[in-house]
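# Descriptive analysis of the structure
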Amino acid sequence: MQPAEEERALSLSDRELATAGSLLTEFLRAFEESLDARRVMPVLDRNQLSQLFEAPFPEVGIGVESLFRDIHEKVLPNCATVAHRRFLAYVLGPPNGIAPYAEAVAAALNQNCNFWQLSPAASVIERKVIAWLGSLFGYPEAAGGILTSGGSMANLMALSVAMHEKAPIDLHKAGLSALASPLVVYTSAEAHRSVEKAVAILGLGLDHVRKIPVDADFRLRVDLLERVIEEDRRARATPFCVVAAAGTVNTGAIDPIDDIADLCTRESLWLHVDGAYGALFILANRMKDCLSRCGRADSIALDPHKLLFAPLEAGCLIVRNHDSLRNTFHFTSSYLTVEHDPLLMNYLEYGPQLSRGFKAFKIWCSLQTFGVRAFRMAADRMLELARYMAARVMAEPSLELLAPVELTAVCFRFTNGASSGAVLARLLEEGTALLGPVQLRGRHGIRACITNYRTSESDIDLVMDRLLQPGKTVG
Ligand SMILES: *Cc1c(COP(=O)(O)O)cnc(C)c1O
C-alpha cells in the first residue's frame, strides 16, 4: 500500500530517488570534466539574471527532473567557476574531490553539533580535527578550539575570548561600560579588515585599534608596537590583545611572531594569530619552521576552506587553553540541561551558536580520503608556482614586483604606464584568468594568488603571456 500523500510529501519516491541519484552523479562528473572549458566568470546579463528567478512562490513543486534542468539552465551558467585553474583572485580555492560527497552525507546525517548526545560521532570527529590542526603548531594537550564559518568569525570569537580573559572586570556581568579605561587592540596596517570589523561588533570601538605601521616587507614593526603600547599605558588605556598576521591577505607577509610573542609575554597581552590565509602553509616544507612560531600564540584563526580545500564554509579557531573558550561562551539555561563527559564535547559551550552543522565531517573526510601528504604536496606546489610567477615578473622589464613573495600572493605592477585595471578587465573578458587589483603604499597593481591545487606552470605562462601581449587573442 502506498503511504498517504501527506506522509510522502517531502520524500522522494523510489523512482525519484533513482533519478536524483543518477542526475547528481552525472552533474558532478560533467561539471568536473567541463572545468577547463568553462569561463572563469560568467558573462552576465543582470536584467536577464534577475528575471530568470522571477517565479511566483511555487505552490506545487516542479519535481526532480525539472529541478536539475533549472540547475543546468539557470544556476550553473551564472556561477563563478571558483575551481578554474586560473581563478587567481582573492584567497579562494576549489573544493577537493571528495567534498561534494562528504557534504551530501553530512546533509543526510544532519547532526546538530551543539551537545554531544545529539551528535556523538560528530563531537568526537570535530575534537579530533581540531587536535590534528592544533598539533601542526605544537599546541599542548589542554588546547582546543571550534570550527567556525570562516576566518572572520574565528577572528571575532578570538577577540571576544581575549577581551573576556584580559579585562580587569567580569564583562559578562558588568559590560564594557563598567571599565575604568578602554581596552586597546594592536594589529598591523596590513591586517585583514575582519579584525577591525570584529572590534566594532564587540563594541570595543575603532578608536581603540592601533594599526601599527609595517616594514619594507609589509610586516608589523615590533619596535613601534612596543612604543605605542607604552604610550597607551601612560595614557591609562588598557592594552589587551595583539593580532598578528601569518600571511596578510594582500602580500602574504608573516609578522615577526616570535618577537611579538615575547612582547606579549612581557606585557601580559593576548596574542591572536590571524592565519586564515597563511597558517596552514605550515604543511609545506618551505614554511614549516617559520610558521611553527604560530604555536606561541594564545589563539590561531585558520581557514580549512582555503588551504584544505574544504568546501565553504569551514573556518577554525584553535586556542591554547580550551577553558578560555568556555569561559567566554558558556551559558546555562533551564531548557538545555547538558550532560558533561570528560571524553565528549558540548560545542554549544564553546561558541556563540546553538544549532551547528557538521563542518568537521568534510574536513575529516578530506584528510581521511587523501591523507595529509596530499595536502602537503599541494601546499609545496602552490608555493613553487608563486615563485615561478615572481621569477617571470622579475624577468620582464615592463613589470615590477610590489612585495616579496612569502606565500602564494604575487603583487606586481606595470612600469611602462599600462593600466592594470584595463589589463585585468581584458584578461577576464577574453576568458584567460581572474586576477585581482592591489594597492600597496599608494601604488596600484595586480595581485595573483595561487590557491588551487590544479594550477600549473602552463597556466602561469599563459597568464603572463596574455598580460604582456594585448594584441593576440587566446586560440
Ligand atoms: C580570508 C581571510 C580572512 C577572512 O576569512 P573568511 O573565511 O573569508 O571569513 C581573514 N584574514 C585573512 C588574512 C584572510 O586571508
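Placed above this text is the structure.
The structure reproduced in this document is the subject of the present report.

Rules used throughout
Throughout this document, residue positions are counted from 1 along each chain, in the order its sequence is written. Residues qualify for local features only when their pLDDT is at least 70, as the model is predicted, and side-chain atom pairs are given and counted only at 80 or more; totals for whole chains, interfaces and linings, by contrast, use all residues. The basis for every side-chain value is the complete set of heavy atoms in the structure, and neither hydrogens nor water enter the calculation. A molecule or strand has a residue near it when one of that residue's heavy atoms lies within 4 Å. By the criterion applied in these results, polar contacts are pairs of N or O atoms within 3.5 Å in which, for protein atoms, one can donate a hydrogen and the other can accept it, and in which residues neighboring in sequence qualify only through two side-chain atoms. Accessibility throughout is a Shrake-Rupley quantity obtained with a 1.4 Å probe, and a residue counts as covered only by protein chains that appear here. The secondary structure listing takes helices from DSSP runs of H or I that are at least 4 residues long and strands from runs of E that are at least 2 residues long, numbered from the N terminus. Three categories are distinguished: nonpolar for Ala, Val, Leu, Ile, Met, Phe, Trp, Tyr, Cys and Pro, charged for Asp, Glu, Lys and Arg, and polar for the others, with Gly belonging to the last. Classification of ring pairs rests on two measures: the distance between centres of Phe, Tyr or Trp rings, Trp counted by its six-membered ring, which must be within 6.5 Å, and the angle between planes, read as stacked under 30 degrees, edge-to-face over 60 and tilted in between. Summary of the burial criterion: residues with accessible area below 20% of their type's maximum are buried, those above 50% are exposed, and those between are partly exposed, where the area comes from a 1.4 Å probe applied to protein chains only. Pairing between strands is defined by DSSP: at least two bridges between them are needed. Axes, fitted as lines to C-alpha atoms, cover a helix only where it is in contact. Angles between the N-to-C directions of the axes lie from 0 to 180 degrees. Under this scheme an angle from 65 to 115 degrees is roughly perpendicular, one under 35 degrees roughly parallel, and one over 145 degrees roughly antiparallel; angles in between are oblique. We call a crossing left-handed when the near helix sits turned anticlockwise from the far one by less than a right angle, and right-handed when that turn is clockwise. In what follows, residue pairs with any heavy atoms lying within 4.5 Å of each other are defined as contacts. Whenever a pair of cysteine sulfur atoms sits within 2.5 Å, that pair is classed as a disulfide. Note on terminology: a nonpolar core comprises buried Ala, Val, Leu, Ile, Met, Phe, Trp, Tyr and Cys residues joined through side-chain atoms within 4.5 Å. Where each domain begins and ends follows an automated or database-derived domain assignment.

## With respect to the site of the ligand
Neighbouring the ligand are 14 residues; G151, S152, D274, D303 and K306 lie closest to it. Within the side chain of H305, one N or O atom sits 2.8 Å away from an oxygen atom of the ligand. Relative to its free-state accessible area of 380 Å², the ligand is covered by the protein chains to the extent of 85%. Secondary-structure elements contributing two or more residues to the shell around the ligand are α7 (151-166) and α13 (304-307). For the shell around the ligand, the element with the highest residue contribution is α7, accounting for three residues. When grouped by side-chain class, the residues that make up the shell around the ligand number three nonpolar, eight polar and three charged.

## A closer look at the packing of aromatic side chains
Tallied over the entire structure, the rule returns nine aromatic pairs. A centroid spacing of 6.1 Å and a plane angle of 80° characterise the contact between Y277 and F281, whose relative ring orientation is edge-to-face. By the burial criterion, Y277 is buried, and F281 matches it. Where F361 meets W364, the ring centres are 6.1 Å apart and the plane angle is 25°; that geometry is what we call stacked. On the criterion of helical spacing, the pair formed by F361 and W364 is a turn pair, its members being three residues apart in helix α15 (residues 359-394). Taking relative accessible area as the criterion, F361 reaches 10% and is therefore assigned buried. Given the relative accessible area of 26%, W364 is considered partly exposed. Clustering of aromatic rings is evident, with ring pairs tying together F309, F370, F375 and Y453.

## Describing the sheet that holds strand β10 (residues 436-440)
Strand pairing in a sheet is mediated by backbone hydrogen bonds. Such pairs are either parallel or antiparallel. Ordered in space as β8-β9-β11-β10, the four strands form an open sheet in which the pairing is antiparallel. The two strands at the open ends of the sheet, each matched to only one other strand, are β8 (399-401) and β10. Taking the axes of each pair of neighbouring strands and ignoring which way they run, one obtains an average angle of 40° across the sheet. Pairing between strand β9 (residues 409-414) and strand β11 (residues 443-449): four bridges, direction antiparallel.

## A word on the packing of helix α5 (residues 99-109) against α15
At a minimum axis distance of 9 Å, the contact between α5 and α15 shows a crossing angle of 140°. In terms of axis orientation, α5 runs oblique to α15. Judged by the twist between their axes, the crossing of α5 over α15 is right-handed. Contacts between α5 and α15 involve A102, E103, V105 and A106 on the former and, on the latter, F361, K362 and C365.

## Here's the deal with the state of the cysteines
Tallied over the full model, the rule gives zero disulfides. Between C241, a free cysteine, and C264, which holds the nearest cysteine sulfur, the sulfur-to-sulfur gap is 7.6 Å.

## Remarks on the nonpolar core
Of all hydrophobic cores here, the largest spans 124 residues; its most connected members are L159, F281, I300 and L435. Tallying contributions element by element places α15 first for this core, with 15 residues. Looking at which domains feed residues into this core, each of domain 2 (104-370) and domain 3 (372-468) supplies at least three. Every residue in contact with L159, bar those within four places of it in the chain, is listed here: V185, V195, A198, V199, L202, F240, C241 and V243. Counting residues in each nonpolar core, the second largest holds eight residues, with A253, A403, C411 and V438 among its members.

Honestly, that's just the spatial picture; any functional story needs more than this.
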